[in-house]
Amino acid sequence: MTALNRVPSLMARAGTASALTLAAVGGSIVVPGVASDASAATMATKALQIAASKKGSPYQWGATGPRRFDCSGLTLYSFKRAGKKLPRTAAQQYNKSRHISSRSRRAGDLVFFHSGSYVYHVGIYAGSGRIWHAPKTGDVVKLEKIWTRSVWYGRVS
């Protein structure tokens with residue numbers, strides 16, 4: 001369990017916490033209107049959990065949930081429920097995200113599959129080289145190993 005995951009449980013047991021208490025357990029203070037790396041990580045983690053909760057939902061081209069999804073519909077739905085609006089298509093989501101290296105990727109980042117400069121698929125990075133995604137017609141939302149090196153990574157902030 002990371003320090004980020006421990007803070008809510010520690011705060012729940014303690015009730016409320018002062019800034020000094022938060023600092024002691026590795027927490028942070030949120031300033032309205034300012035997105036921190038911690039809040040972006042929390043949002044991305046929540047989006048990842050939402051995508052995982054849709055396991056088994058059928059793929060349907062153009063669908064954005066809550067029961068059926070295409071690839072970018074799943075990412076759009078997951079981040080919207082986590083509090084961040086994304087554009088509709090995988091290519092638009094790529095253009096809107098902050099591009100990061102594969103070494104910098106972390107759970108909750110977007111994984112964009114491309115052929116040359118054409119982005120054709122997107123999923124949410126789950127760690128250990130796997131993504132949650134809505135693969136194709138006839139399939140369902142699932143956790144799957146990344147099957148190619150032709151991917152780019154993006155962080156939603």
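Residues numbered from 1 in each chain as written. Predicted model: local features only at pLDDT ≥ 70, side-chain atom pairs only at ≥ 80, totals over all residues. Heavy atoms only, no water.

1. Points about the nonpolar core
Piece 1. Counting 24 residues, the largest nonpolar core has Phe79 and Leu110 as its most contacted members.
Piece 2. When contributions to this core are tallied by element, the ones reaching two or more residues are α3 (37–53), α4 (71–82), α5 (90–96), β2 (110–115) and β3 (118–127).
Piece 3. Once residues lying within four places of it in the same chain are set aside, the contact partners of Leu110 are Thr75, Phe79, Leu86, Gln93, Val122, Gly123, Ile124, Trp152, Tyr153, Gly154 and Val156.
Piece 4. Counting residues in hydrophobic clusters, the runner-up holds eight residues, among them Ile100, Tyr125, Ile146 and Val151. (Core = buried A, V, L, I, M, F, W, Y, C linked by side-chain atoms within 4.5 Å. Buried < 20%, exposed > 50% of the residue type's maximum accessible area, 1.4 Å probe, protein only. Helix = DSSP H or I, 4+ residues; strand = E, 2+ residues; numbered from the N terminus. Contact = heavy atoms within 4.5 Å.)

2. Quick notes on the pairing of β3
Piece 1. Burial analysis of β3 places seven of its ten residues in the buried class, which makes it a mostly covered element.
Piece 2. In terms of strand pairing, β2 meets β3 through six bridges, oriented antiparallel. Within the sheet, the bridge partner assigned to Phe113 lies in β3 and is His121.
Piece 3. Between the antiparallel neighbours β2 and β3 lie two residues, among them Gly116 with a positive phi of about 65°.
Piece 4. Where β3 meets strand β4 (residues 130–133), three bridges bridge the pair, whose relative direction is antiparallel. Paired with Gly127 across the two strands is Arg130, which belongs to β4.
Piece 5. Between β3 and β4, which pair antiparallel in sequence order, lie two residues; one of them, Ser128, sits at a positive phi of approximately 55°. (Pairing = 2+ DSSP bridges.)

3. Looking at the pairing of β4
Piece 1. Relative to strand β5 (residues 142–145), β4 runs antiparallel, the two being bridged by four bridges. Note that in β5 the partner of His133 across the bridge is Lys142.

4. Remarks on the confidence of the model for the protein
Piece 1. Per-residue confidence for the protein gives a mean pLDDT of 83, with 74% of residues at or over 70.
Piece 2. Ignoring residues within four places in sequence, the model shows residues 1–35, a span with pLDDT below 50, making 18 contacts including any to other chains. (pLDDT = per-residue confidence, 0-100.)

5. Quick look at the pattern of salt bridges
Piece 1. Enumeration over the complete set of coordinates arrives at three salt bridges.
Piece 2. The residue Arg155 makes a salt bridge to Asp109 at a minimum N-O spacing of 2.8 Å. Remark: Asp109 occurs in the loop between β1 (98–100) and β2 and Arg155 occurs in strand β6 (residues 151–155); sequence separation between them is 46 residues.
Piece 3. With a relative accessible area of 8%, Arg155 lands in the buried category.
Piece 4. Take Asp109: its relative accessible area is 2%, and that puts it in the buried class.
Piece 5. When the shortest N-O distance is used, the salt bridge between Asp139 and Lys142 registers 3.1 Å.
Piece 6. We classify Lys142 as partly exposed; its relative accessible area is 26%. (Salt bridge = Lys/Arg side-chain N within 4 Å of Asp/Glu carboxyl O.)

6. Overview of the sheet that holds β6
Piece 1. Taken together, six strands build an open sheet; the order of strands is β1-β6-β2-β3-β4-β5 and the sheet is antiparallel. The open sheet has two edge strands with one neighbour each: β1 and β5. Across the sheet, the mean angle from the axis of one strand to that of its neighbour is 45°, orientation sign disregarded.
Piece 2. Relative to the sheet, α4 contacts β2, β3 and β4, its axis offset from that of β3 by approximately 45°. (Axes fitted to C-alpha atoms, helices over the stretch in contact; angles between N-to-C directions.)

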